[in-house]
Amino acid sequence: MANTFQLFSAVAVLLLALTHARPLATPELTVDARLKLDADSPSCWESLTQIQSCTGEVIMFFLNGETYLSDACCHAIHTISHQCWPDMLETLGYTTEEGDILEGYCDHETAKSLSSPLSVKPGLGVPVPVNGLLP
């Protein structure tokens, strides 16, 4: 009887030792961090309001097949998709395919504009040389 009690006690202690788990070290995100309100990402909300003002351009992009979105609109789409909330375009009512098309177009345009030595002055619509380089 004593051996049975010792065996039962040993098994119980072993089970307790095996089942005792330590708490996971998962930091809780604050509302500020989840909504990207911290100082590291101030352009998220600005980009979101910019996308709202780009609605007409985006509609024409899909409806009439115009393959042009302004730099500001593409910058906002790129920022939202890559730095803030990747699924935001779908949340705003665009389908997954439309979101992918917009992201692909704007990624291409952003990469192309970064490699171009010309800049367009606001209001003029005329390319001007950057760093003294002419086309």
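Structure: above.
What counts as what
Residues numbered from 1 in each chain as written. Predicted model: local features only at pLDDT ≥ 70, side-chain atom pairs only at ≥ 80, totals over all residues. Heavy atoms only, no water. Helix = DSSP H or I, 4+ residues; strand = E, 2+ residues; numbered from the N terminus. Buried < 20%, exposed > 50% of the residue type's maximum accessible area, 1.4 Å probe, protein only. Contact = heavy atoms within 4.5 Å. Areas by Shrake-Rupley, 256 points an atom, 1.4 Å probe, with all protein chains shown as cover. Core = buried A, V, L, I, M, F, W, Y, C linked by side-chain atoms within 4.5 Å. Patch = residues over 30% accessible without salt bridge, like charges linked within 9 Å, V, L, I, M, F, W, Y side chains within 5 Å. Salt bridge = Lys/Arg side-chain N within 4 Å of Asp/Glu carboxyl O. Phe/Tyr/Trp six-rings, centres within 6.5 Å; stacked < 30°, edge-to-face > 60°. Disulfide = S-S within 2.5 Å.

Draft legend 1. Local environment of the overall build of the chain. Scanning the chain from N- to C-terminus turns up seven helices and two strands. N-terminal to C-terminal, the α/β element order of the chain is α-α-α-α-α-α-α-β-β. Every one of the 135 residues in the chain was classed for burial, and the buried ones make up 20%. Sequence-distant contacts, at least 24 apart, represent 51% of the contacts inside the chain between residues at least 6 apart. If you sum the accessible surface of the chain, you get close to 10,200 Å²; carbon and sulfur atoms cover 63% of it.

Draft legend 2. Main features of the nonpolar core. If you look at the biggest cluster of nonpolar residues, it comprises 20 residues, and the most contacted ones within it are Val58, Leu69, Ile77, Ile80, Trp85 and Leu102. Residue assignment for this core shows that the elements contributing at least two residues are helix H3 (43-53), helix H4 (55-63), helix H5 (71-84), helix H6 (88-91) and helix H7 (96-115). Ranked by the residues each element gives to this core, the list is headed by H5, at six residues.

Draft legend 3. Representation of a nonpolar patch on the surface in the model. Side chains of Ile59, Met60 and Leu63 sit close together on the surface and give an oily, nonpolar patch of about 290 Å² of accessible area. Relative to the assigned elements, Met60 resides in helix H4. Of the residues examined, Met60 reaches a relative accessible area of 31% and is grouped as partly exposed.

Draft legend 4. Layout of the packing of aromatic side chains. Considering all chains together, one arrives at three aromatic pairs under this definition. Where Trp45 meets Trp85, the ring centres are 5.3 Å apart and the plane angle is 70°; that geometry is what we call edge-to-face. Separated by 40 residues along the polypeptide, Trp45 in helix H3 and Trp85 in the loop between H5 and H6 bring together distant segments of the chain. Residue Trp85 is classed as buried on the basis of its relative accessible area, which comes to 14%. Where Phe61 meets Phe62, the ring centres are 5.2 Å apart and the plane angle is 90°; that geometry is what we call edge-to-face.

Draft legend 5. Here's a closer look at the state of the cysteines. All chains considered together, the criterion is met by two disulfides. Between the sulfur of Cys44 and that of Cys84 lies a disulfide, 1.9 Å long from S to S. Negative torsions about the S-S bond denote left-handed disulfides, and the value of about -90° found for Cys44 with Cys84 makes this one left-handed. In this pair, Cys44 sits in helix H3 while Cys84 sits in helix H5, placing the two residues 40 residues apart along the sequence. Each sulfur in the disulfide pair Cys74 and Cys106 lies 2.4 Å from the other. Here the S-S torsion is close to -70°, and the disulfide linking Cys74 with Cys106 is therefore left-handed. Taken together, the residues span a long stretch of sequence, with Cys74 in helix H5 and Cys106 in helix H7 at a distance of 32 residues. For the chain, the bonded cysteines pair up as 1-3, 2-4 when numbered in the order they occur along the sequence.

That's the geometry; what it means functionally is another story.
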